[in-house]
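One-letter residues, chain by chain:
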Amino acid sequence: MTTKTSCFTWKTLNPSTYRVVQNDILKELPFIYVKVYPTLLLLVDTGCGPNHCMDPTVEEKSIRSYIETNLEAEGRLTYVDPETNETKNKHWLVFITHTHYDHIGGLFEFADDSSVFISGNDRDYILKDLGCNSLCCAFNIPTPKFTVAHWLQQNEKLTFNGVDLHLESLLTPGHTPDEIALYDSEEHVIYAGDSLYEVLPIYIIETSNMIEYIGSMETLLKFVREKNEATGKRLITYSGHITDNVDTENLIVETIACFWDTLKGKAVLDKTMVMREKNLLIYMSENRNVGFMCIDTKLEEAKKHFGFEWPLPTSA
Ligand SMILES: [Zn+2]
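Cut-offs and rules
Residues numbered from 1 in each chain as written. Predicted model: local features only at pLDDT ≥ 70, side-chain atom pairs only at ≥ 80, totals over all residues. Heavy atoms only, no water. Helix = DSSP H or I, 4+ residues; strand = E, 2+ residues; numbered from the N terminus. Rg over C-alpha atoms; globule rule 2.2 N^0.38 Å. Buried < 20%, exposed > 50% of the residue type's maximum accessible area, 1.4 Å probe, protein only. Contact = heavy atoms within 4.5 Å. Areas by Shrake-Rupley, 256 points an atom, 1.4 Å probe, with all protein chains shown as cover. Lys, Arg positive; Asp, Glu negative; His and termini not counted. Charge placed at Lys NZ, Arg CZ, Asp CG, Glu CD. Disulfide = S-S within 2.5 Å. Donors = N, O, S within 2.8 Å, 3.2 Å for Na, K, Ca; no water. Tetrahedral: all angles 85-135°; square planar, octahedral: opposite > 155°, others 65-115°. Phe/Tyr/Trp six-rings, centres within 6.5 Å; stacked < 30°, edge-to-face > 60°.

Before we go on, may I ask you to explain the overall build of the protein in this structure?
When its secondary structure is counted, the protein shows 7 helices and 19 strands. Over its C-alpha trace the protein gives a radius of gyration of 20 Å, about what one expects of a compact globule, namely 20 Å for 316 residues. Overall, the protein is about 70 × 50 × 35 Å in size when its C-alpha atoms are taken along their principal axes. Among the 316 residues that make up the protein, the fraction classed as buried is 56%. When contacts within the protein are restricted to residue pairs at least 6 apart in sequence, those whose partners lie at least 24 apart make up 63%. As presented, the protein carries roughly 13800 Å² of accessible surface, and 50% of it is formed by carbon and sulfur atoms. Mean positive and mean negative side-chain charge positions of the protein (28 and 46 charges, respectively) differ by 3 Å.

If you want it as structure tokens, here you go:
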């Protein structure tokens, strides 16, 4: 473990995977995951970036330096090339679950010498106005510049230079058009980004689409049930915030039920508020384990699409 003070915490999740949490000033507390391969390193998301530590006086603000120091201490940062006997640094593969600022804020630290993987669902969304779409503009954060090494496709089984990554990409637009989930068949987990988590509501904000979201979750549920059935094991969810150990099938079923309750006006109205000049409604399930925070027009659009008519409460 690094001995410097830092705005990160380090936890082992399974034999190949670690979780890093950034204690950031905007209280997003993003979950960042690191998976170790013999000659490669996988990073899932990059946090809010070094200028957003809750305590600005900490010594270590760099996500990359923090992770590499910890991996080195565990003897997992480098490998010996069998042909040359040279010790080499493992190459970073950086997967972005979606390009919101709290997932790409540290990406610039990897941009020069890593391979970046992003959803190929809507390339223009990323290529044309990343500054606004990522909310970097809204929070006055510099928008990271990077080159995409690979645009992910639906149900793509992933390899890198001939190495099987034991990963399958799933395009799950809804929270954003570029949201992905990633299935790790080796550890039997799903990286779910901001599509699924507990306690906090799922954000249906400026670039979200509720109609696409429910389609994505129904497809994901089918995928998860098939994998659970085929392996005899239960898939666990690694989310972008808050959740890293729950049963995926149960969480999706609960979230889908809450989605329909929200559209029917049967979910619990927790709060109304105004954010970035938009009226927001927060609806939670009865036990408050899952919910949705929706811009009113987005909810109205979905209600209309699925034929539910009732008047939305006005925001406070
Ligand atoms: Zn997000």
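Any chance you could explain the state of the cysteines here in plain terms?
Such a bond, covalent and formed between the sulfur atoms of two cysteines, is termed a disulfide. Counted under the stated rule, the structure contains 1 disulfide. Counting only cysteine sulfurs, C7 is the nearest neighbor of C48, a cysteine outside any disulfide, at a range of 9.0 Å. Overall, C48 belongs to the buried group, its relative accessible area being 1%. Sulfur of C258: no disulfide; nearest cysteine sulfur belongs to C294 and is 9.0 Å away.

In this structure, what is going on with the coordination of the zinc ion? I would like to understand it.
By definition of the ideal shapes, a tetrahedral metal site with four donors has angles of 109.5 degrees and an octahedral site with six donors has angles of 90 or 180 degrees. Protein coordination of the zinc ion is provided by H98 (NE2), H100 (ND1), H175 (NE2) and D194 (OD), with donor distances spanning 2.2 to 2.3 Å. Taken together, the 4 donor atoms surrounding the zinc ion define angles of 86 to 173° at the centre, an arrangement classified as irregular. Mapped onto the polypeptide sequence, the residues donating to the zinc ion form the spacing pattern H-x1-H-x74-H-x18-D. Here H100 is found in the loop between strand 7 (91–95) and helix 2 (101–104), whereas its partner D194 is found in the loop between strand 13 (189–193) and strand 14 (202–204), with 94 residues between them in sequence. When sorted by exposure, H100 lands in the same class as D194, which is buried.

I keep staring at the packing of aromatic side chains and nothing clicks. Help me out?
In total, this model carries 19 aromatic pairs according to the counting rule given. Centre to centre, the rings of W260 and F306 are 4.9 Å apart; their planes meet at 85°, and the pair counts as edge-to-face. Here W260, found in helix 6 (residues 248–264), pairs with F306, found in helix 7 (residues 296–306); they are 46 residues apart in sequence, far enough to count as distant. On the basis of relative accessible area, W260 is assigned to the partly exposed category, the value being 22%. Given a relative accessible area of 28%, F306 falls into the partly exposed group.

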